[in-house]
Amino acid sequence: MGAELKISNLSIRASGREILKDINLSICPGEYVNIIGANGAGKTTLLKAAAGLKRPASGKISFDGQDIYGLGWWKKTNLQKRIGYIPQSAEYNSELPFTAGEVAAMGRVSARRLFERLKSEDQACVDEWLGKLHIKELKNQPFSSLSGGEKQKVLIARALTQNPSLLILDEPSANLDFYWKKEISRLVKDLQKALGITVVMVSHEISAIPQDSDKTILLREGALAGQGSSEKVLASEEFEKAYGRRLRLSDSQADGFFEFPGFKAED
Ligand SMILES: Nc1ncnc2c1ncn2[C@@H]1O[C@H](COP(=O)(O)OP(=O)(O)OP(=O)(O)O)[C@@H](O)[C@H]1O
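Everything numeric here is computed off the predicted structure, so don't read it as measured data.

**Comments concerning unusual backbone geometry**
Phi angles above zero are rare outside glycine, and His-134 is one such case at about 60°. Summarising the element assignment, His-134 is placed in the loop between helix H4 (120–132) and helix H5 (148–161). On the neighbour-count criterion, His-134 (10 C-beta atoms within 10 Å) is exposed. Residue Asn-163 is not a glycine yet carries a positive backbone phi of 55°.

**Some points on the packing of helix H3 (residues 100–109) against H4**
At a closest axis distance of 9 Å, the pairing of H3 and H4 adopts a crossing angle of 120°. As judged from the angle between their axes, H3 and H4 are oblique. Along this stretch, H3 crosses H4, giving a crossing that reads as right-handed. Note on element contacts: H4 touches H3 through Asp-122, Cys-125, Val-126, Trp-129 and Leu-130, opposite Gly-101, Ala-104, Ala-105 and Arg-108.

**Concerning the site of the ligand**
Looking at the ligand, the residues that line it are Ala-14, Ser-15, Ile-19, Gly-37, Asn-39, Gly-40, Ala-41, Gly-42, Lys-43, Thr-44 and Thr-45. Of the residues in the shell around the ligand, the class split is three nonpolar, seven polar and one charged.

**Observations regarding the nonpolar core**
Counting 67 residues, the largest nonpolar core has Ile-35, Ala-50, Ala-104, Ile-168 and Val-200 as the members making the most contacts within it. For this core, the leading source of residues is H5, giving six residues. Both of domain 1 (5–82 + 164–265) and domain 2 (97–162) provide at least three residues apiece to this core. Excluding anything up to four places from it in sequence, Ala-50 contacts Leu-5, Ile-61, Ile-168 and Val-200.

**Description of the sheet that holds strand S4 (residues 58–63)**
Read from one edge to the other, the open sheet built from four strands follows the order S2-S1-S4-S5, with strand pairing classed as antiparallel. Looking at the sheet topology across the chains shown, the edges are occupied by strand S2 (17–27) and strand S5 (66–67). Here strand S1 (residues 5–14) pairs with S4 via five bridges, running antiparallel. In the sheet register, Ile-7 faces S4, and the bridge partner there is Ile-61.

**Regarding H4**
Counted at 1.5 Å a residue, the expected span for H4 with its 13 residues is 18 Å, and the 18 Å between its end C-alpha atoms agrees. Every buried residue of H4 is listed here: Cys-125, Val-126, Trp-129 and Leu-130. Along the axis of H4, the buried positions cluster into a sector of 130°, meaning they face one direction only. Exposed residues lying more than 90 degrees from the buried face of H4 are Ser-120, Glu-121 and Ala-124. His-134 sits one or two positions beyond H4 and adopts a positive phi of about 60°.

**A closer look at the domain arrangement of the protein**
Looking at the protein, the domain boundaries give domain 1 (5–82 + 164–265) and domain 2 (97–162). Taken over C-alpha atoms, the centre of domain 1 sits 25 Å from the centre of domain 2. Counting residues at the interface gives 10 residues for domain 1 and nine residues for domain 2. Among the elements that line the side of domain 1 that touches domain 2, the one with the most residues is helix H6 (residues 178–195), at four residues. Its residues assigned to classes, the side of domain 1 that touches domain 2 shows seven nonpolar, one polar and two charged.

**Describing the pairing of strand S10 (residues 223–228)**
Examined bridge by bridge, strand S9 (residues 215–220) and S10 share five bridges and lie antiparallel to one another. Among the inter-strand pairings, Ile-217 is bridged to a residue of S10, identified as Gln-227. With antiparallel pairing between neighbouring strands as the criterion, S9 and S10 make up a hairpin whose turn holds two residues, including Glu-221 at a positive phi of roughly 50°.

**Observations regarding the packing of H5 against H6**
H6 packs onto H5 with a crossing angle of 15° between their chain directions and a minimal axis gap of 10 Å. In terms of orientation, H5 lies roughly parallel with respect to H6. Crossing geometry of H5 relative to H6 is assigned as right-handed. The segment H5 lies against H6, with Gly-148, Gly-149, Gln-152 and Ile-156 engaging Trp-180, Glu-183, Ile-184 and Leu-187. Along the lines of polarity and charge, the residues of the contact of H5 with H6 split into four nonpolar, three polar and one charged.

Thresholds applied
- Residues numbered from 1 in each chain as written.
- Predicted model: local features only at pLDDT ≥ 70, side-chain atom pairs only at ≥ 80, totals over all residues.
- Helix = DSSP H or I, 4+ residues; strand = E, 2+ residues; numbered from the N terminus.
- Buried ≥ 20, exposed ≤ 12 C-beta atoms within 10 Å, placed from the backbone.
- Axes fitted to C-alpha atoms, helices over the stretch in contact; angles between N-to-C directions.
- Parallel < 35°, antiparallel > 145°, perpendicular 65-115°, else oblique.
- Left-handed = near helix turned anticlockwise from the far one by under 90°.
- Contact = placed C-beta atoms within 7 Å.
- Near = placed C-beta within 6 Å.
- Nonpolar A, V, L, I, M, F, W, Y, C, P; charged D, E, K, R; others polar.
- Core = buried A, V, L, I, M, F, W, Y, C linked by C-beta atoms within 7 Å.
- Domains from an automatic or database assignment.
- Pairing = 2+ DSSP bridges.
- Expected span 1.5 Å × (residues − 1).
- Arc of directions from axis to C-beta.

Encoded structure:
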C-alpha cells in the first residue's frame, strides 16, 4: 500500500540561502509523481527532505500523517525504512567491492537489527526481486562492472527489498541511453501499478515521463511553479519560464511516453 505525503510551507536554507521556498504539495497513496525543473531548481533538495534526509528551516513533511522531522530518532528511522530512496548516480560509490546480489540485499538489512544475520527468507526476497527485474544472472557479478542501466536496476532491487510504501528516485535515467531511459521508467511505472506504492521521481527527460503519470510538479528557483497533469504542466507558460522554451504537445505516443518529437517548439 502506498504512503501519503503532505508537504506544508516547506522552506530549506543552506549556506545562508533559501533553496526551497514555501512549498506546498499533497501526494496521495499510490500516485506516480514526476518532479521536473532546470538545473539547480531544488529537485534533489526536495527529494532529500521528503526522504527524511534534509531538515527544513520551516514547514512540515507528513508521511501517512506523521510529521517526519517531529519524530524522535528511533521512530524516524523506523519510518524511513518504509521509504526506498535511490539517489543520483553521482552520489553512490559504484566502486564499492560488492556483488549485485550483495547490494540488493542491503535493502533487507534495514528490516533486521544491526549485525543480525540475514535469514533465508531475506535471501529469497532478494532473489525474487532480482528475478522480477530480470537481473538474476547478474547476482554474483561485481556491482562496479555493471552497465549504468544494470546498476540502476540493482539499486531499484535494493529499494524494493526494503518493501517500501514510498519509492523516491533521483534522475534514475541520467547517463543512460535512450532505450534504458524508457526501460527504467516503464519498470518503475509497472511496479507502482502492481504494488500500489507511491512513486516520486525526478526526471530531466520528458521522454522518461509516462503519459499515465498522476501528476507532474515543476520547480523553478526553489519555488513551486506548477503542478497537475503532465500535459498541462509541460504546455504551461511556467514551463517556458523555467526552461526558456515553449513546447506544444502534439500527438500522443503509442508507447505511452512523451517524446521530444511529440512536441513542437513554437517559433
Ligand atoms: N549544502 C548546500 N549549500 C549551499 N547550496 C546548496 C546546498 N545544497 C544545495 N545547494 C544549492 O541549492 C540549489 C538546488 O540544488 P539541488 O541539488 O536541489 O538542485 P536540482 O534541481 O536537483 O539540480 P540538478 O538538476 O542540477 O540536479 C542549487 O543552486 C545548489 O547549489
